[in-house]
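The residues making up each chain are set out below.
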Amino acid sequence: MIAFERVTKRFGPWTAVNDVSFTVGEGEFCVLIGPSGSGKSTLLKMVNRLVAQDAGAIRVAGEDIAGVAPEELRRRMGYVIQSVGLFPHWTVERNIATVPVLLGWPKGRVRDRVAELMDLLKLDPGRFRDAFPHQLSGGQQQRVGVARALAGDPPILLMDEPFSALDPITRDTLQGELANIHRQTRKTIVFVTHDMDEALRLADRIAVLEHGRLVQCATPRDILTRPARDIVRDLVGREEWGLKRLAVETVGDRARPADGTSAPPPGEPLPSAAPLRRALSEMVARGTDRLPVVDEHGRPAGVLHLADLVRP
Amino acid sequence: MTGGVPRQNRGRGMGRGVAVLADRLVLAVLALAALVLGMPVLKPLFAALYPALDRPLYEGDSFLALTAGHLALVGLSGLTAAIVGVAAGIAVTRPAGAEFRGLIEAVVTAGQTFPPVAVLAVAVPVMGFGPEPALIALTLYALLPIVENTIAGLEGVPDAVLESARGLGMRPAEVLVRVELPLAAPVIIAGIRTAVVINVGTAAIASTVGAKTLGLPIIVGLNGANPAYVVQGAVVVAALAVVLDAGFDRLASRLSRWRRA
């Protein structure tokens, strides 16, 4: 869907993005991660031409974006930024309607679309439709920001550290909702963050950048199990590395199937879709080394042993 | 959102007619109308205040005609300055016009500091007597606050708002009209307000070059040692300034209503 081909961007003597090539597949949730100054935001802003590359090309659905008028290109991509940037003189409804109005949709269709998005982002229309941005909390503002980005139903969503300024609880909730929205809509999402937990939770694929170069582009599991360089380990956090790895694998991946001869161990069973990290936590909390596992229909699906967690 | 707090307070414990009177704009308009239309009624008062004067009331022209001439001069110069000033402020805050910013600011500052009387002295020999030289002097005098406030208002629009406006696909003209100007409007209006209110006072000098304004009784009074004429002209000028000030206040608060929601 989005192909970066040897993309380079310099600001004076400083090379922000250096010869980066990779592809984001259609419907993929791709997270760009790296320390500050790694070029991740610059790379994102080149996709909607807020920043022009000095060399290389970016193709969206096969088309070189250099040949598309920036405004037309941007109306096909949602854009969400950390500081939200809602229009303070417009109501929530008018803010969400920004792109549909620019696209000249009829009034009825705009209204229906706003109602649909307020529902999707869990914004109570009675309370928020006619509210102004300054009357909203940070989390509510970013819900409106995400709704506004989705309003024109663009196939692509670009998000620049959208949840970094929110408190941990709100961030956690919005991450969960974004994951749901991605599951439901299958938008292609490019998401910039410096938070590896966020990346591991949301991404289908993680692109790690350092000093403007692409260090590794891989699934969360491969990032954890086969980090290409020290910088990848550093971003994961060396002390927590084992626990994070447990967080990306599920109980079902490692549980032993029920053999039918021995009774399952006692205690509340764990769903096979639960992360292994939760299984470890349950074992420690319950003081046991074996947990019963059930499938998504609640049927017994085997047993997970403590030893299974450390199997390579 | 529609009913502001003051309106609710006014409604409480007061009749509707009294509530209207409590409005600054309405009061100022009533005071101005009373002065303009009722000046002849005050003749005995001025006669009592200045017993030495043969003619204690200026009767050369009606105060209505003088006020209309004054207002036309202030209005036309204010409108011209607003159009030119806002356009200049917009131009120098665009990427293409940024390099002219220093030049424009120097020119409007010169326009402000050049005394209007001196402008008249230079313009009259070229253009002759009448309102035209005064129009030029007042327009130049009004430009500085309008240009400065337009620049300040546009620069006060938060970067995040501009970034999202562009990022969502607004064209530069759409960003300007839908986002920048509405957000800068209260500051721009404040600049026009300052310029116009100052010019209500300055416009009186236009009568030295033959324009019919409220400056006429003042100048005739100064020449003829008739302080009553001076007071009559000055009081109406002041009332007119208060009316315009209250009017701009109302406009500015309407344009920033969303802030108080």
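Residues numbered from 1 in each chain as written. Chains lettered and ligands numbered in written order. Predicted model: local features only at pLDDT ≥ 70, side-chain atom pairs only at ≥ 80, totals over all residues.

### Considering the overall build of chain B
Rules: Strands here are runs of E lasting at least two residues and helices are runs of H or I lasting at least four, both read from the DSSP assignment and numbered beginning at the N terminus. As a rule, residues whose C-beta atom has 12 or fewer other C-beta atoms within 10 Å are exposed, those with 20 or more are buried, and those in between are partly exposed; C-beta atoms are placed from the backbone.
Along its length, chain B carries twelve helices and zero strands. Reading the helices (α) and strands (β) of chain B from amino to carboxyl end gives α-α-α-α-α-α-α-α-α-α-α-α. Principal-axis analysis of the C-alpha atoms places the extent of chain B at approximately 75 × 60 × 20 Å. Across the 261 residues that make up chain B, the buried fraction comes to 37%.

### Examining the interface of chain B and chain A
How we decide: We call two residues in contact when their backbone-placed C-beta atoms lie within 7 Å. Any residue that is not Ala, Val, Leu, Ile, Met, Phe, Trp, Tyr, Cys, Pro, Asp, Glu, Lys or Arg is counted as polar, Gly included; the first ten are nonpolar and the last four charged.
Every contact between the two is made by 15 residues of chain B and, on the other side, 18 residues of chain A. Breaking the side of chain B that touches chain A down by element, the ones donating at least two residues are helix H9 (159-167) and helix H10 (172-202) of chain B. For the side of chain B that touches chain A, the leading source of residues is H9(B), giving six residues. Residue composition of the side of chain B that touches chain A, by class: nine nonpolar, three polar and three charged.

### Some remarks on unusual backbone geometry
At Asp19(A), a position not held by glycine, the phi torsion is positive, near 55°. Tracing the backbone through its elements, the reader meets Asp19(A) in strand E2 (residues 14-24). Its 15 C-beta neighbours within 10 Å are what place Asp19(A) among the partly exposed residues. Phi is positive for Ala225(B), which is not a glycine, with a value near 50°. Note on placement: Ala225(B) falls in the loop between helix H11 (215-223) and helix H12 (227-255).

### Digging into the domain arrangement of chain A
In plain terms, the rule: Segmentation into domains, and thus their bounds, comes from an automatic or database assignment.
Here chain A is described as being made up of domain 1 (2-237) and domain 2 (249-310). If you average the C-alpha positions of domain 1 of chain A and of domain 2 of chain A, the two centres end up 36 Å apart.

### What about the sheet that holds strand E10 (residues 213-218) of chain A?
All names here are of chain A. Note the threshold: Pairing between strands is defined by DSSP: at least two bridges between them are needed. Convention adopted: a line fitted to C-alpha atoms gives each axis, helices being fitted over their contacting stretch, and angles between N-to-C directions are expressed from 0 to 180 degrees.
Read from one edge to the other, the open sheet built from six strands follows the order E6-E7-E8-E3-E9-E10, with strand pairing classed as mixed. The two strands at the open ends of the sheet, each matched to only one other strand, are strand E6 (77-81) and E10. Taken over all neighbouring pairs, the strand axes of this sheet differ in orientation by 15° on average, direction set aside. As judged from the four bridges shared by strand E3 (residues 29-33) and strand E9 (residues 205-210), these two strands associate in the parallel manner. Considered in E9, the bridge of leucine 32 is made with alanine 207. The sheet contacts of helix H1 (residues 40-47) involve E3, E6, strand E7 (156-160), strand E8 (188-193) and E9, and relative to E8 the element is tilted by about 150°. Contacting E6 and E7, helix H7 (residues 138-150) crosses the sheet at an angle of about 165° to E6.

### Here's the deal with the sheet that holds strand E4 (residues 55-60) of chain A
All names here are of chain A. Read from one edge to the other, the open sheet built from four strands follows the order E2-E1-E4-E5, with strand pairing classed as antiparallel. Sheet topology places E2 and strand E5 (63-64) at the edges, where each strand pairs with a single neighbour. Strand direction decides the pairing type here: E4 and E5, joined by two bridges, are antiparallel. Bridge pairing in E5 links arginine 59 to aspartate 64.

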